[in-house]
Amino acid sequence: MRKNIVLSLALSSVLCSSALAADKMGGGVYDLGRVEVTTPNQKDQAVEGSDAVVTWEQIKETLSTSVDQAIRNTPGIYTTPNALGSRGESDIGIRGFGRTQIGLFIDGIPVNSIYDRQTDWAQFSTYDVSQIDVAKGFVSPVYGINSMGGAVNIISTKPTKELEAGLKLGYFTGREKQLATSIGTNQGNWYSSFSYSLIDRDSFPLSNDYKPTVYQSGDKARNSYYKNQTFKGKVGYETDNGSEYSLNAIIQRGEKGGTINANGGERFWDWPNYDKNTVYFLGQTQINDKWSLNSKVYWDNFYNVLTAKGVAGPNGTITNSGYRGESIYDDHSFGVIETAKYQIDDTKELQFGANLRYNHTNNDNYNLTNPAAGDYSRGAYISTDEYEDFQTSLFTQFGHQLNDTWRYIVSAGYDRVDTISAAKGRSATSDGKLDYENDSWEWNAQTIFFADWDNANTTHFNVGKKNNLPTLKTRYGTPWGQRVPNPSLGTEYIYNFEIGHKFDNGSTMLSATAFYNILDNAIITVNGLTGCDAGGSNCSMLKNVDGGYIYGLELGGEQSLLDDMVRVGANYTYTQKETSADANGGIKLTKIQDYPNHIANAFIAYSPVKQVDLVLNGTYRSAQWTYDASTGYENQNDDVFLMDLKANFRPYKSLELSIGATNLLDENYQYNGGYYMAGRRFFLTAEYKY
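Residues numbered from 1 in each chain as written. Predicted model: local features only at pLDDT ≥ 70, side-chain atom pairs only at ≥ 80, totals over all residues. Heavy atoms only, no water.

Q: So what exactly am I meant to see when it comes to the overall build of the protein chain here?
A: When helices and strands are tallied, the protein chain shows four helices and 39 strands. Expressed along its principal axes, the backbone C-alpha trace of the protein chain runs to roughly 65 × 55 × 50 Å. Looking at the protein chain as a whole, 57% of its 690 residues are labelled buried. One finds the centroid of the 60 positive side-chain charges in the protein chain at a distance of 4 Å from the centroid of its 78 negative side-chain charges. (Helix = DSSP H or I, 4+ residues; strand = E, 2+ residues; numbered from the N terminus. Buried < 20%, exposed > 50% of the residue type's maximum accessible area, 1.4 Å probe, protein only. Lys, Arg positive; Asp, Glu negative; His and termini not counted. Charge placed at Lys NZ, Arg CZ, Asp CG, Glu CD.)

Q: In this structure, what is going on with the pattern of salt bridges? I would like to understand it.
A: In a structure, side chains of opposite charge can pair up when their charged atoms sit close to one another. Counted according to the given criterion, the structure contains 32 salt bridges. Between aspartate 91 and arginine 99 there is a salt bridge whose closest N-O contact spans 3.3 Å. Aspartate 91 sits in the partly exposed class, given a relative accessible area of 31%. Measuring nitrogen to oxygen at the nearest pair gives 2.7 Å for the salt bridge that ties glutamate 498 to arginine 95. Highlighted residues: glutamate 498 in strand 25 (residues 492-504) and arginine 95 in the loop between strand 4 (89-94) and strand 5 (97-98), separated in sequence by 403 residues. Among the residues examined, glutamate 498 registers a relative accessible area of 2% and is labelled buried. (Salt bridge = Lys/Arg side-chain N within 4 Å of Asp/Glu carboxyl O.)

Q: Looking at this model, I keep getting lost on the sheet that holds strand 27 (residues 522-529). Mind explaining?
A: The pairing of strands in a sheet comes from backbone hydrogen bonds and takes either a parallel or an antiparallel form. One open sheet holds the three strands; their spatial order is 24-28-27, and the pairing between them is mixed. Across the chains shown, the open sheet's two edge strands, defined by having one partner strand only, are strand 24 (483-484) and strand 27. Across six bridges, the pairing between strand 27 and strand 28 (residues 539-545) is antiparallel. Across the sheet, the residue bridging to isoleucine 523 is asparagine 544, located in strand 28. (Pairing = 2+ DSSP bridges.)

Q: Is there a simple way to explain the nonpolar core in this structure?
A: As a rule of thumb, nonpolar side chains are buried together in soluble globular proteins. Residues Ile71, Trp121, Ile132, Val134 and Val152 are the most contacted members of the largest nonpolar core, which totals 30 residues. Mapped onto this core, the elements with two or more residues apiece are strand 2 (52-55), helix 3 (67-70), strand 4, strand 6 (103-106), strand 8 (129-135), strand 9 (151-158) and strand 15 (267-286). Those residues within four positions of valine 134 in sequence are excluded, and the remaining contacts are Asp51, Ala52, Ile71, Ile77, Ile94, Ala151 and Val152. Ranked by size, the runner-up nonpolar core spans 11 residues in total, among them Ile592, Ile599, Leu642 and Tyr675. (Core = buried A, V, L, I, M, F, W, Y, C linked by side-chain atoms within 4.5 Å. Contact = heavy atoms within 4.5 Å.)

Q: Honestly, unusual backbone geometry in this entry has me stumped. Any pointers?
A: Negative phi characterises most residues that are not glycine, and trans characterises most peptide bonds. Non-glycine residue arginine 95 carries a positive phi angle of around 55 degrees. Owing to a relative accessible area of 2%, arginine 95 belongs among the buried residues under this scheme. Its identity is not glycine, yet aspartate 594 carries a phi of approximately 60 degrees, on the positive side. Mapping aspartate 594 onto the fold places it in the loop between strand 30 (566-579) and strand 31 (598-606).

Q: Where do I start with the environment of glycine 254 in this structure?
A: Along the chain, glycine 254 turns up in strand 14 (residues 244-257). By relative accessible area, glycine 254 is classed as buried at 2%. Sequence separation between glycine 254 and leucine 206 is 48 residues; the distance between their C-alpha atoms is 23 Å. If sequence neighbours within four positions are ignored, glycine 254 has contacts with Gln123, Lys227, Asn228, Trp271, Pro272, Asn273, Tyr274 and Asp275.

Q: Explanation requested: the environment of alanine 514 in the structure shown.
A: Within the element layout of this structure, alanine 514 appears in strand 26 (residues 508-520). We classify alanine 514 as partly exposed; its relative accessible area is 31%. Residues alanine 514 and tyrosine 323, spaced 191 residues apart in sequence, show a C-alpha to C-alpha distance of 45 Å. Ignoring anything within four residues of it in the chain, the contact list for alanine 514 reads Phe497, Glu498, Ile499, Gly552 and Leu553.

Q: Just checking my understanding: could you explain a nonpolar patch on the surface for this structure?
A: A grouping of Leu402, Trp406, Phe449, Trp453, Phe461, Phe497, Ile499, Tyr516 and Tyr549 is seen on the molecular surface, where their side chains present a nonpolar patch of about 840 Å² in accessible area. Checked against the element boundaries, phenylalanine 449 lands in strand 22 (residues 439-452). (Patch = residues over 30% accessible without salt bridge, like charges linked within 9 Å, V, L, I, M, F, W, Y side chains within 5 Å. Areas by Shrake-Rupley, 256 points an atom, 1.4 Å probe, with all protein chains shown as cover.)

Q: What exactly am I supposed to notice about the pairing of strand 11 (residues 176-186) here?
A: A regular strand places its side chains on the two faces of the sheet in alternate fashion. With nine bridges connecting them, strand 10 (residues 164-172) and strand 11 associate as antiparallel partners. What sits directly across from glycine 170, in strand 11, is glutamine 178. Where strand 10 folds back on strand 11, the antiparallel hairpin that results is connected by three residues, among which glycine 174 adopts a positive phi of roughly 100 degrees. Bridge analysis of strand 11 against strand 12 (residues 190-201) gives 11 bridges, and the strand direction is antiparallel. By the bridge assignment for strand 12, leucine 179 is matched with leucine 198. Between strand 11 and strand 12, which follow one another and run antiparallel, lie three residues, and glycine 188 among them has a positive phi close to 95 degrees.

Q: Would you take a moment to explain the state of the cysteines for this structure?
A: Here is the idea: a disulfide is a covalent bond, and it sits between the sulfur atoms of two cysteines. Overall, the coordinates contain one disulfide when judged by the stated rule. Each disulfide pairs two cysteine sulfurs, and for cysteine 532 the partner residue is cysteine 539, the sulfurs being separated by 1.9 Å. Torsion about the S-S bond of the cysteine 532 and cysteine 539 cystine: about 80 degrees, corresponding to right-handed handedness. Comparing cysteine 532 with cysteine 539, the two get one shared label, buried. (Disulfide = S-S within 2.5 Å.)

Q: Explain the packing of aromatic side chains here, please?
A: When we look at a pair of aromatic rings, we describe it by the centre distance and by the angle of the planes. Under the definition given, this model contains 24 aromatic pairs. Centroid distance phenylalanine 398 to tyrosine 408: 6.2 Å. Interplanar angle 55 degrees. Geometry classified as tilted. Here tyrosine 408 lies in strand 21 (residues 406-426) and phenylalanine 398 lies in strand 20 (residues 375-401), a separation of 10 residues in the sequence. The pair phenylalanine 398 / tyrosine 408 is uniform in exposure class, with both members buried. Every member of this aromatic cluster is reached through a ring pair, and the members are Tyr115, Tyr329, Tyr387 and Tyr476. Across from the ring centre of phenylalanine 450, 4.3 Å away, lies the NZ or CZ of arginine 407, which sits over that ring. When the ring centre of tryptophan 625 is taken as reference, the NZ or CZ atom of lysine 591 above it lies at 3.7 Å. (Phe/Tyr/Trp six-rings, centres within 6.5 Å; stacked < 30°, edge-to-face > 60°. Lys NZ or Arg CZ within 6 Å of the ring centre and 35° of its normal.)

Q: Quick question: what am I supposed to make of the pairing of strand 26 here?
A: Pairing between strand 25 and strand 26: 12 bridges, direction antiparallel. Bridge pairing in strand 26 places asparagine 496 opposite asparagine 517. Joining the antiparallel neighbours strand 25 and strand 26 is a turn of three residues, in which glycine 506 adopts a positive phi near 105 degrees. Across 12 bridges, strand 26 lies against strand 29 (residues 548-561) in antiparallel orientation. Counterpart to threonine 508 in the pairing with strand 29 is glutamine 559.

Q: Sorry, what's going on with the confidence of the model for the protein chain here?
A: Segments scoring low in pLDDT should not have their predicted coordinates read at a detailed level. Per-residue pLDDT for the protein chain averages 88, and the proportion of residues at 70 or more is 92%. Note that residues 1-25 has pLDDT below 50 and, in this model, 74 contacts with residues that lie over four places away or in other chains. (pLDDT = per-residue confidence, 0-100.)

Rendered as structure tokens:
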């Protein structure tokens, strides 16, 4: 009853993704980091179509310290908390698509995990971030390969003053400490900024309603430690004719534990290293009044050490079973993105270019010294897997302002991935070289039309074909020796249809969008095969089949009241998927798996005086389904309803003190059949900006 009452109140509010009009304490938006999707002389608005922008103010008001938290209230987005599952990471979906089908970018630079794209989005700090752009329907081909399900672009800040400095301190129950600091300068023709952020958590507390088991006893989640350090640096130069160039570096150092399933029988994993380095050059060269060239050159490295200790046993023990060993991934990529822009006239604009990327992954495998005796240090070397490929994306994008009402963007591209070399199980006795190297390619095309009826009303419609090329893992990976490689795996793609309308007059915003996706050549798992390295009948292979359909609806709104003293908002997303019989062993499924049908977010913000804000956020997610051939549909978890409360006080313009609680109602909830999430957590933060 309590949940239904609170939910009905939340759904009667309007929009969740707004922030208070507090004095801005952050840096400027870094325009070089944007990926441009425009028509000439387009209406001045922050968001086009169904795209979303999460601003710096919204990130601050929701106390989001990582990218997955920052976008969680966006229509069409589904996220689970970090520390979820034995991989100890967050998960994300956009309109029913998973994270391996979604592009993640920093200033337009792709930063998904190189080998498998199973990126832990919680490792990306929001400190020193100006905004986050989310593309869901029309996704510009400038982003490059593998944004079939959408694209998320994290845009860094750019100094706007001669001297900028910041310091932030925070504490969450569960012995989580937060620290961040930054300094920057803008001297007219040149600028620079540097920042450091730290999140260090011993564990997170479980709900008081949690019923302990022998596998997950006590009031703290077992093995839920987490640590992330992020260093960022930027040096840039602007010329008098409008050109701009910058050199950027991001260094991430992470450690984390995989949480434990309260029902037992699941693995016990640790990551003593979850590290990433990204160095990139951005350039915008204004050649003349008509021509300009946008350049991105980058190097991205991911170093990951996994210690698989066995299976979580009762009473804090680790059983000497399951996969045990140390797996080290040392992956890197080099890339170049060149986009030429030609301003044909005042109503027409053409962009075209190339996105080239080299990927290399190296996986060294070791035994553990003596796991039966509790010695989990690195033991004898076993073997190495090493793969290389080269990705090519050629694209063009044309925007046209037809008249005062109608405008459109049309794009097309060619995506391709070529294997350079593949070696599995290289050891002292074998070079491991595979002789079935292959390539995969596909074309893409999209168009979106806008009708600007007046200054407040815009209707959009888009149709397109978007691709997701197979990764190194899907083509060559053999997890735990239980999968047969399929280097000939083809590209999966969708036909996307979307229509929507938005009303925004400054104080009131209302929006509605419907989407429909046809899944073709989808990548699925076929079980019951033989020929795996591990032997036995528990063997599978990935292959391409007719996938089915994903469709849904997004509604949102926002209202300002009493001269912005009160703001309320809500959004709602419905997502459904029909999986073809070919994609599920001959059985057609009519419910989406591992993803909620209904997601609703709401907030109310009250600012009685300029120095004080009170923000209440609520999120509802319906139960998720899974399918078992013997038992049919099953619930993975119950409905989830969460509320967060935050109070901000600014005794001085540059100082903000915050106090509050996440999961205010102390909801006892879990995902994936036994991974329980954090209960109520209190926090206190202080932030100073100069």
